[in-house]
Structure formats: C-alpha cells, structure tokens
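Secondary and tertiary structure notes
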Amino acid sequence: MYAIILGAPGAGKGTQADILSQEMNLPHIASGDLFRQALEARTEVGLLAKSHMDKGELVPDEVAIKIILERINQPDCASDCLLDGFPRTLHQAEVLDQALEERGKSIDRAIYIEVPNEVLVKRLSGRLLCRTCQAAYHIVNSPPKIPGRCDKCGGELYRRSDDKEETVKERLNVFFAQTLPMLDYYKKQGKLIKVNGNQEIQKVTEEILSALRAPISS
Ligand code: ADP
Ligand code: AMP
C-alpha cells in the first residue's frame, strides 16, 4: 500500500505514521525529517531547506520532490510506504502520481487528520521530539517517563526551532493557503479519508485503521 498522511502542523501526522508503520509494517517517510537529516549532515539541500523552514515557508517544490523521489526509489519502498508531510502542494501531488505511475503503482489512500486550530497551537507549543528516532512527545499530554529522554530509545529530546509562536502562525497560514486546497485532488479520486484528530492518540489510530479497511469509494 502507498498511503499519505495529511494535516496541518501539529495534527499528529508523525505520531500516527509512526504507529501505523509498525502496525502495518510500512516504511514511514517524512519529508520534514529528511530535510532535518540533510541539515544535520550540512548538505547544500539541508542548508537551503533551513532558510525556508526557519521562516515557516515551504521548501521549493523541486527540492522537496527530489528528496522524496530519491527516498522512495530505495528498495524498502518498492511496494509500500507511508508518506508523512509530502505532498504539500498540488504540483507535488501530480509529480508523485507520475513517478508512481512509471513504476506501475499509485497512491491507495490519502488520510487527512483534522484538528481545530487552537488545539494545533497548544500541541506545537509543547512538542518534544527525539533527536535519534524522531518519536514525538508533549510536555503535558504525553510526557516522557524520564524528563529529556526518549522512552523508546533513550535519545535526547529537543524542541523544534520552528515550533516557536511566530513561525507556527506562518506554518498554519501556509497550510491553509497551499496544502488544504490539494485535498480536493485526492477527494476527486475517491481516495480521501478524513479522520477526527482531536481525540486520544489511540482513538485516532483506530479510526484510521478502520477507514483503511473500508473499500475505496469510486
Ligand atoms: P505533526 O507530525 O502533524 O506535525 P506530531 O505527530 O509531531 O504532529 O504531533 C504534534 C504534537 O501533538 C506532539 O507533541 C504529539 O505528542 C501531540 N499529539 C499528537 N497526536 C495527539 C493527540 N491525538 N492528542 C493529543 N496530543 C497529540
Ligand atoms: P514537518 O516536519 O512536516 O512539520 O515539516 C517542517 C518543514 O519542512 C515545513 O515547514 C517546510 O518548510 C518543510 N517541508 C516539509 N515537507 C515539505 C514539502 N512536502 N514541501 C515543502 N516543504 C516541506
């Protein structure tokens, strides 16, 4: 299965993709993680991406497309993958479809996790991430057992620099202006699944899994 997880920043895409990739044995590919890894390695792409990420803007389409296509061309994505944070524009969605079509594949489902704005802001203001395995925590909702350490791998937890208030505001604006309109593309293909992301993590997962089991509406 090729599935994508869509939603505003803080909707729970990474959290759900992490759980689903284990439950369904799919590789979890997150475009934001690829950019952060590129930045850590001080590559040209990483430094270019940072200049946009810091302002809450999208990285240019061609750069995002290149990094994702290179990743999904790896053998572990030959027949399945769960994309998190990509595509974010209609152009990215169209190029992804062309690339998959050339391999005789297509996107099976697009899962949209819907969460009210005020909840998104609260989630991002308390988000902690593991530097090693990227697991997400929240200082109030889901704190780690040992402060500052990941429950899963013991890695160091950190706050993303783009989770500060001004940048979050811009990231939300960008989502509504550039990404939300793209949902129509998947809706028209009968592939869009909308789930209520404003409930417990486990409930969101259950809703996604039951929607994935239902047949595609044509
Ligand atoms: P995204 O990948 O969409 O930006 P994350 O998965 O990183 O979002 O989640 C953002 C924050 O919200 C994290 O701190 C995470 O622990 C928390 N979170 C995720 N899903 C839920 C949920 N259903 N209820 C409460 N908090 C959540
Ligand atoms: P995320 O980790 O998904 O919240 O993404 C962090 C940042 O990386 C975003 O605010 C964008 O600047 C950039 N980014 C991630 N994915 C994409 C994408 N598909 N297209 C453009 N920019 C992206």
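Along every chain, residues carry numbers that run from 1 in the direction the sequence is written. All chains are assigned letters beginning with A, and all ligands numbers beginning with 1, in the order in which they are written. It should be noted that, the model being predicted, local features are given only for residues of pLDDT at least 70 and side-chain atom pairs only at 80 or more, the latter also being counted only at that level, while totals for whole chains, interfaces and linings use all residues. Excluded from the side-chain calculation are hydrogens and water; included are all heavy atoms of the structure.

1. Observations concerning the sheet that holds strand 6 (residues 136-138)
Sheet strands pair by backbone hydrogen bonding; their relative direction is either parallel or antiparallel. If you trace the 3 strands from one edge of the open sheet to the other, you get 6-5-7, paired in antiparallel fashion. Both edges of this open sheet fall to strand 6 and strand 7 (157-158), since each of them pairs with a single strand only. We call two strands paired when DSSP finds no fewer than two bridges between them. In this text, helices come from DSSP runs of H or I with a minimum length of four residues, and strands from runs of E with a minimum of two, each type numbered from the N-terminal end. Note that strand 5 (residues 127-130) and strand 7 share 2 bridges and pair antiparallel. Note on strand 7: the bridge partner recorded for Cys 130 is Leu 157.

2. Comments concerning the packing of aromatic side chains
Aromatic contacts are taken between Phe, Tyr and Trp rings whose centres are within 6.5 Å, Trp giving its six-membered ring; a plane angle under 30 degrees counts as stacked, one over 60 as edge-to-face, and the others as tilted. Within the structure shown, the criterion is met by 3 aromatic pairs. Geometrically, the ring pair formed by Phe 175 and Phe 176 is edge-to-face, given 5.2 Å between the ring centres and 80° between the ring planes. Three labels apply to residues, based on accessible area from a 1.4 Å probe with only protein chains included: buried if under 20% of the type maximum, exposed if over 50%, partly exposed otherwise in between. With relative accessibility at 36%, the residue Phe 176 sits in the partly exposed group. Each ring, one from Tyr 185 and one from Tyr 186, has its centre 5.2 Å from the other, and the planes form 85°; the classification is edge-to-face. Owing to a relative accessible area of 19%, Tyr 185 belongs among the buried residues under this scheme.

3. Description of the packing of helix 1 (residues 13-24) against helix 9 (residues 201-213)
To get an axis, fit a line to the C-alpha atoms, keeping to the stretch in contact for a helix; angles then go from 0 to 180 degrees between the N-to-C directions. Running from N to C, helix 1 and helix 9 point in directions that differ by 55°, and their axes come no closer than 10 Å. Regarding the angle of helix 1 to helix 9, the classification is oblique. Viewed along their axes, helix 1 and helix 9 form a crossing whose handedness is right-handed. Within the contact between the two elements, helix 1 uses Thr 15, Gln 16, Ile 19, Leu 20, Glu 23 and Met 24 and helix 9 uses Ile 201, Val 204, Thr 205, Ile 208, Leu 209 and Leu 212. The labels follow the angle: roughly parallel below 35 degrees, roughly antiparallel above 145, roughly perpendicular from 65 to 115, and oblique for the rest. For a crossing to be left-handed, the near helix must be turned anticlockwise from the far one by less than a right angle; the clockwise case is right-handed. Contacts: residue pairs with any heavy atoms within 4.5 Å of one another.

4. Topic: the site of ligand 2
By convention in these notes, a residue is near a molecule or strand provided one of its non-hydrogen atoms lies within 4 Å of it. Taken together, 15 residues sit near ligand 2, with Ser 31, Arg 36, Glu 57, Arg 88 and Gln 92 positioned nearest. For this analysis, a polar contact is any N or O atom pair within 3.5 Å, provided that within protein one partner can donate a hydrogen and the other can accept it, and provided that sequence-adjacent residues contribute only side-chain to side-chain pairs. In this structure, Arg 36 approaches ligand 2 through a side-chain N or O atom, which is 2.9 Å from an oxygen atom. A distance of 2.9 Å separates a nitrogen atom of ligand 2 from a polar atom in the side chain of Arg 88. Protein contacts shield 95% of the accessible area of ligand 2, which totals 480 Å² for the unbound molecule. If one sorts the elements of the shell around ligand 2 by residue count, helix 2 (residues 31-40) sits on top with 4 residues. Accessible areas in this description were obtained via Shrake-Rupley with a 1.4 Å probe; residue shielding takes into account the shown protein chains only.

5. Quick look at the side chain of Thr 167
Mapped onto the elements of the fold, Thr 167 is located in helix 7 (residues 165-179). Judged by relative accessible area, which is 5%, Thr 167 ranks as buried.

6. Some details on the pattern of salt bridges
Whenever Lys or Arg places a side-chain nitrogen within 4 Å of a carboxyl oxygen from Asp or Glu, that contact is recorded as a salt bridge. Here the structure, examined in full by the defined rule, presents 11 salt bridges. Where Arg 171 meets Asp 163, a salt bridge forms, and the shortest distance between an N and an O atom there is 2.8 Å. Judged by its relative accessible area of 10%, Arg 171 falls in the buried class. For Asp 163, a relative accessible area of 3% gives the class buried. Overlapping salt bridges bring together Arg 127, Arg 160, Asp 162, Asp 163 and Arg 171 as one network.

7. Side note on helix 3 (residues 44-53)
Inspection of helix 3 places Gly 46, Ala 49, His 52 and Met 53 among the buried residues, and these make up the whole buried set. Angularly, the buried residues of helix 3 cover 120° about the axis, an arc narrow enough to put them on a single face. Where helix 3 is buried, its residues touch helix 2 and helix 7. Directions drawn from the helix axis to the C-beta atoms are what define this arc.

8. Observations concerning the environment of Arg 109
Relative to the helices and strands, Arg 109 resides in strand 4 (residues 109-114). The class for Arg 109 is buried, based on a relative accessible area of 8%. In this structure, the C-alpha to C-alpha distance between Arg 109 and Ile 4, residues 105 residues apart in sequence, is 6.5 Å. A polar side-chain atom of Arg 109 sits 2.4 Å from the main-chain carbonyl oxygen of Ala 214.

9. Digging into the site of ligand 1
If you check the shell around ligand 1, you find 20 residues, and the closest are Lys 13, Thr 15, Arg 127, Tyr 137 and Gln 199. Ala 11 has a polar backbone atom sitting 3.3 Å from an oxygen atom of ligand 1. Here an oxygen atom of ligand 1 sits 3.5 Å away from a polar atom, N or O, in the side chain of Ser 142. For ligand 1, the protein covers 91% of the area, taking 560 Å² as the surface of the free molecule. Taken together, the residues of the shell around ligand 1 break down into 7 nonpolar, 9 polar and 4 charged. Here the term charged refers only to Asp, Glu, Lys and Arg, the term nonpolar to Ala, Val, Leu, Ile, Met, Phe, Trp, Tyr, Cys and Pro, and the term polar to all other amino acids, Gly among them.

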